[in-house]
Amino acid sequence: MTDHTQVARPEIADSVPVATADSPSTPPHQQASDSRSRWTSGRGFLMLVALLVLLRLASLAGVLSSGQELEGSILGGDARRYAQMVTATGTPYADFAVEYPPLVLGSIKLLHRDSAFETLVLLGLSQLLLDVGIAGFLWWGFGRRVVLAYLLLSTVFLPFPMHYTRLDLLSVFLATAGWAHLRRGGEIRAGAALALSVFAKLWPLALAPLMLIDGRRRGLVSWIVTGAIGAGAWWLWAGVDGMVQVVSFRGATGWQVESLPGNVLQILDHTRTNFAQGAWRIGTMPAWSRPLFTVLSVGVTAIGWRWARGSSDTARYGHAGIVSVTAFLVFSAIISPQYTLWLLPFCAISAAAHPRRYGVPSVLIFGLSTLGLAVISGQPDGHLYATLPVLARNICLVWLLVLALHDLHVGRVAPSARNAPPVEPDQLVSMTEVRSDR
């Protein structure tokens, strides 16, 4: 017999009842709330979602007709790298180096075609489906305001849709599925999905502490068992070298020019820039730098989760998720533009509750990442039009990290504020949720 535990959890409000806009006594903030609520209920919501999905279809059609399958195109570069791996002889990881975990490698083999254009078409369609799937899980797990925040934030990528020509959305989809299942009470499914996401990209490792601080034992067991089975199969297939190749990005030793140190070094002296292991790099990382960055990343993430214990859903699923992923990026030797896609679901959760506070830095990060990729050809020569957007993007990442840490800390030291009744529609309201694994 299934045990159902009634737990009062804050919910991100889809809408809050307000007075009519034409009432003389209606405060201005309630009039704005009434306007926003039209887009989070009924026909208005469905129309807006349909419009945002149509924009994605138009963006995909545009990129597929722009010649990205040609040699030297920017958005077609990953498909060309995928082709190299598929056509190489021998066993991946063992006979030739691969920088992607097994789930991405399997997807590459599944989607690859002899024609570069056909490969891009399949990549685009698969990523569009994952994009819509992420929105669906956010809708199911967190409500309409969050799915709208996600669709609006990710629209920033559409002018130069890097996320439709590569496989980064696979890890985001699996992590979001785990996040939504965890919030809906499906611990076993959540643990399995979060573990699988690590075999698409390593960054979701930083999300596992939520199950620990929430006491989700079945989720943790599911995560550990699924991860152990996956890691064991990977080790039997390719040995330890496969994992090392992914962690070290095929043994790269230089700072990638979009990382925090690499960007500054390149602005100061671009003549040292060289192309190595699939990315533009500069200088050589000191032996102490990688362990130090790892310690800083893990330390900041641990602080974020410690402060998130017992806080609201927005803080735990949104702010703490932002801290975990942003710390992973900031303290890294490589920050490719597409890595900012990993932040999308967590920024959407936080921005749904606090639109300006989290929406502004999120839009800047995503917009500057898109711009940086569009002008990436100017980076090797150190042109300011190509390096300054990266510098601004990195500053915004640090801003977002500090902002989320601050809000987690404030929520920790002032617990009474977490339970205060909502005044603005951007705040949280309490409702009962059933936690179960059926």
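Criteria and cut-off values
Residues numbered from 1 in each chain as written. Predicted model: local features only at pLDDT ≥ 70, side-chain atom pairs only at ≥ 80, totals over all residues. Heavy atoms only, no water. Helix = DSSP H or I, 4+ residues; strand = E, 2+ residues; numbered from the N terminus. Buried < 20%, exposed > 50% of the residue type's maximum accessible area, 1.4 Å probe, protein only. Polar contact = N/O pair within 3.5 Å; in protein donor to acceptor, adjacent residues only side chain to side chain. Pairing = 2+ DSSP bridges. Contact = heavy atoms within 4.5 Å. Phe/Tyr/Trp six-rings, centres within 6.5 Å; stacked < 30°, edge-to-face > 60°. Patch = residues over 30% accessible without salt bridge, like charges linked within 9 Å, V, L, I, M, F, W, Y side chains within 5 Å. Areas by Shrake-Rupley, 256 points an atom, 1.4 Å probe, with all protein chains shown as cover. Salt bridge = Lys/Arg side-chain N within 4 Å of Asp/Glu carboxyl O. pLDDT = per-residue confidence, 0-100. Expected span 1.5 Å × (residues − 1).

A word on the overall build of the protein chain
And then number 1: A count of helical and extended segments in the protein chain gives 18 helices and five strands.
And then number 2: Scored against the burial criterion, the 438 residues of the protein chain give a buried share of 53%.

A look at helix H12 (residues 260-268)
And then number 1: Every buried residue of H12 is listed here: Pro261, Gly262, Asn263 and Gln266.
And then number 2: Between the side-chain oxygen at the start of H12 and the backbone nitrogen of Gly262 there is a gap of 3.1 Å, and the oxygen is on Ser259.

Considering the sheet that holds strand S4 (residues 279-282)
And then number 1: Taken in spatial order, the three strands of this open sheet run S2-S4-S3, and their pairing is antiparallel. Edge positions in the sheet fall to strand S2 (255-256) and strand S3 (273-276), since each has one partner strand and no second.
And then number 2: Across four bridges, S3 lies against S4 in antiparallel orientation. In the strand pairing of S4, Thr273 is matched with Ile282.

Observations regarding unusual backbone geometry
And then number 1: Phi at Tyr93 is positive, roughly 75°, even though this residue is not glycine.
And then number 2: By the element assignment, Tyr93 lies in the loop between helix H3 (77-87) and helix H4 (102-111).

Describing the environment of Leu220
And then number 1: Looking at the element boundaries, Leu220 is found in helix H10 (residues 217-238).
And then number 2: Note: C-alpha distance between Leu220 and Ala190 (30 residues apart in sequence) is 9.1 Å.
And then number 3: Each residue touching Leu220, except ones within four places of it in the same chain, is listed here: Ala208, Met211 and Leu212.

Let's talk about the packing of aromatic side chains
Any two aromatic rings considered together are summarised by their centre-to-centre distance and by the angle between their planes.
And then number 1: In total, this model carries 18 aromatic pairs according to the counting rule given.
And then number 2: Both rings, one in Tyr93 and one in Trp237, keep their centres 5.5 Å apart while their planes meet at 85°; by these two values the pair is edge-to-face. Of this pair, Tyr93 sits in the loop between H3 and H4 while Trp237 sits in helix H10, and the two are 144 residues apart along the sequence.
And then number 3: On the accessibility criterion, Tyr93 (1% relative accessible area) is buried.

Focus on a nonpolar patch on the surface
And then number 1: Taken together, Trp235, Leu236, Val240 and Val244 make up a surface patch of nonpolar side chains, about 430 Å² in accessible area.
And then number 2: At the level of elements, H10 and helix H11 (240-247) are the ones that each hand at least two residues to the nonpolar patch.
And then number 3: Topologically, Val240 is positioned in helix H11.

Points about the confidence of the model for the protein chain
And then number 1: The predicted model of the protein chain averages 85 in pLDDT, with 83% of residues at 70 or higher.
And then number 2: Within the model, pLDDT remains below 50 along residues 13-26, and this stretch shows 22 contacts once partners closer than five positions in the same chain are excluded.
And then number 3: Overall, residues 415-438 carries pLDDT values under 50, and its contacts beyond four positions in sequence, including any with other chains, amount to 77 contacts.

Some points on the pairing of S4
And then number 1: In the sheet, S2 pairs with S4 via two bridges, with the strands oriented antiparallel. In the sheet register, Trp255 faces S4, and the bridge partner there is Ile282.

Details of the side chain of Gln127
And then number 1: Summarising the element assignment, Gln127 is placed in helix H5 (residues 116-142).
And then number 2: Residue contacts for Gln127: discarding those within four places in its chain leaves His163, Tyr164, Arg166, Leu167, Asp168, Leu169 and Leu170.

What about helix H7 (residues 168-184)?
Think of an α-helix as 3.6 residues a turn; residues three or four steps apart then line up on the same face.
And then number 1: Taking 1.5 Å of rise per residue, the 17 residues of H7 would be expected to cover 24 Å, and the 25 Å separating its terminal C-alpha atoms lies within 8% of that figure.
And then number 2: Burial within H7 is extensive, with 15 of its 17 residues counted as buried.

Topic: the environment of Leu57
And then number 1: Relative to the elements of secondary structure, Leu57 occurs in helix H2 (residues 42-64).
And then number 2: Leu57 sits 71 residues away from Leu128 along the chain, and the two C-alpha atoms are 7.9 Å apart.

Examining the pattern of salt bridges
And then number 1: By the definition in use, this model includes 11 salt bridges.
And then number 2: In this structure, the salt-bridge partner of Arg80 is Glu71, at a minimum N-O distance of 3.8 Å.
And then number 3: Given a relative accessible area of 71%, Glu71 falls into the exposed group.
And then number 4: Among the ionic pairs, Arg316 bridges to Asp313, the shortest N-O distance being 3.2 Å. Highlighted residues: Arg316 and Asp313, both in helix H14 (residues 313-330), separated by three residues, approximately one helical turn. Taken individually, Arg316 and Asp313 each receive the classification buried, so the pair is uniform in this respect.

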